[in-house]
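Chain by chain, the residues run as shown.
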Protein chains: 2
Amino acid sequence: METWKEFEANELTHSVAHHLLAIQDAGCRYGGWARVSDIARRLAVTRGSVSIMLRSLRNRQLILTDEHRMVRLSPRGERIAQNVIAKKAVLKGFLADVLRVPEPQAEIDSCKIEHLISRDTAERLAQLMRFLGSGDPAVHDIVERFHRTSRECRDANSCPVCTDRCLIEDLAPGAAENGGEQESEAPPAESPEETEG
Amino acid sequence: METWKEFEANELTHSVAHHLLAIQDAGCRYGGWARVSDIARRLAVTRGSVSIMLRSLRNRQLILTDEHRMVRLSPRGERIAQNVIAKKAVLKGFLADVLRVPEPQAEIDSCKIEHLISRDTAERLAQLMRFLGSGDPAVHDIVERFHRTSRECRDANSCPVCTDRCLIEDLAPGAAENGGEQESEAPPAESPEETEG
DNA sequence: AACTCTTGCTTGACATACTAAACAAATACA
DNA sequence: TGTATTTGTTTAGTATGTCAAGCAAGAGTT
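Keep in mind that what you see is a predicted model, and the values were worked out from it rather than measured.

**Section: the domain arrangement of chain A**
Residue and element names in this part refer to chain A.
Argument step 1. The domain boundaries assigned to chain A delineate domain 1 (14-73) and domain 2 (80-145).
Argument step 2. Each of domain 1 and domain 2 has a C-alpha centre, and these two points are 28 Å apart.
Argument step 3. On the side of domain 2, nine residues touch domain 1, which itself brings eight residues to the contact.
Argument step 4. Of the roughly 650 Å² buried between domain 1 and domain 2 on both sides combined, carbon and sulfur atoms contribute 73%.
Argument step 5. Between domain 1 and domain 2 we count zero salt bridges in total.
Argument step 6. If you look at where domain 1 meets domain 2, you find two residue pairs in polar contact (both at pLDDT 80 or more).
Argument step 7. Broken down by element, the side of domain 1 that touches domain 2 gets its largest block of residues, six residues, from helix α1 (residues 14-27).
Argument step 8. Residues of the side of domain 1 that touches domain 2, tallied by class, amount to five nonpolar, three polar and no charged.

What follows is the structure, given as structure tokens:
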């Protein structure tokens, strides 16, 4: 019923996750210490924006600050960053190598959800990757067969994914997202009534 | 470099996606027509909040409005809703049945990312589900073997998931998220300097 | 020393998405 | 018919996360 509100309750927002990664990345050449400008450049946001974000990260004790205004991850921040990196690696590996989602999309998708999946999901996914890559010929053969499998859906009735309706069809271009969503013919002002009267 | 900004460029926010689903759900008994209150109740938000959201959905032509203030999805809104439903079904099926992520978590995770995954990813995932559920004994056997597989990581060196570092370890409780994140001892005011001076 | 550039921070603004409170219109019931 | 409740909307406020613009301190150059 209210599961959907869990989204707001995330410990980590997309923005916070990527700020942590950027701090780690920017600092890696200087013993972990980074400057606001470096972080901003990496994220392609303004220094002001980073400055505000750092205030929040500092209060959450995810970063440490120098007397020279240098910034680095706290041990806790580092754990979180490592966690996000691990999730993304597993996700991207799965999308790219198992599902064979084309490269740029695999990168985008894993980047979008890296901070959202639970430890449970990430771990099981990692175990699946380990299982599939274990070198067992039978496993390898099955994966090969999957990759050779036809991409078309022929028999919606015998399909284990669909029930009364073909779910794969609902994912198709005609069905929203990029297909119908994007060319939204310039919507009018937010409150047409008000501009009218 | 700036892949992370794709997150903001989503056609569908989590909130919009769930408002569309709620409208469809609330209206299903009345020929698709729903009332603001019904939608609000389903989402556990205020009527005011729904009212504002509907204004935006109306301008994006995702809903239609009655002279009696009844609301329903437009054909476009319906396509998008169906799309989200399909993505979630595929995702949850994968998490619950293949990965065997415990039920509530599978529900939460699929709810969080249903609107974020690309058509590419959703389709390939659906194809994987179809392949795994095709009834082929060899495939079935491999899935069975995966489910019986030990959950521990013993040999980080031969592990196909990890490189120099065990990624699965980075996902473990000690490493952030629920482990270190949540019991954040009441952070001080946002700007300690200011309250101090 | 004077000038310029870079840097970090602050401010005001915007967009999203929520709340609570107040209100008017519609509905329900007595 | 009159009162009470429900309903939809609006407004002001909160929180996050961004931008642009401006300011002040430090660094580099001449």
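From this point, the narrative continues.
**Concerning the protein's contact with DNA strand C**
Argument step 1. Every one of the 18 residues lining DNA strand C counts as a neighbour, but S37, R47 and R55 of chain A together with T13 and S15 of chain B are closest to it.
Argument step 2. In DNA strand C, atoms within 4 Å of the protein come 71% from sugar and phosphate.
Argument step 3. Between DNA strand C and S49 of chain B, the relevant distance is 3.4 Å, taken from a sugar or linking oxygen to a side-chain nitrogen or oxygen of the residue.
Argument step 4. Going through the elements one at a time, α2 (36-43) and α3 (47-59) of chain A together with α1 (14-27) and α3 (47-59) of chain B are the ones with two or more residues in the surface near DNA strand C.
Argument step 5. Broken down by element, the surface near DNA strand C gets its largest block of residues, four residues, from α3 of chain A.
Argument step 6. Among the residues forming the surface near DNA strand C, the class breakdown is five nonpolar, eight polar and five charged.

Conventions and cut-offs
Residues numbered from 1 in each chain as written. Chains lettered and ligands numbered in written order. Predicted model: local features only at pLDDT ≥ 70, side-chain atom pairs only at ≥ 80, totals over all residues. Heavy atoms only, no water. Domains from an automatic or database assignment. Contact = heavy atoms within 4.5 Å. Buried area = accessible area lost by both parts, 1.4 Å probe. Salt bridge = Lys/Arg side-chain N within 4 Å of Asp/Glu carboxyl O. Polar contact = N/O pair within 3.5 Å; in protein donor to acceptor, adjacent residues only side chain to side chain. Helix = DSSP H or I, 4+ residues; strand = E, 2+ residues; numbered from the N terminus. Nonpolar A, V, L, I, M, F, W, Y, C, P; charged D, E, K, R; others polar. Near = heavy atom within 4 Å.

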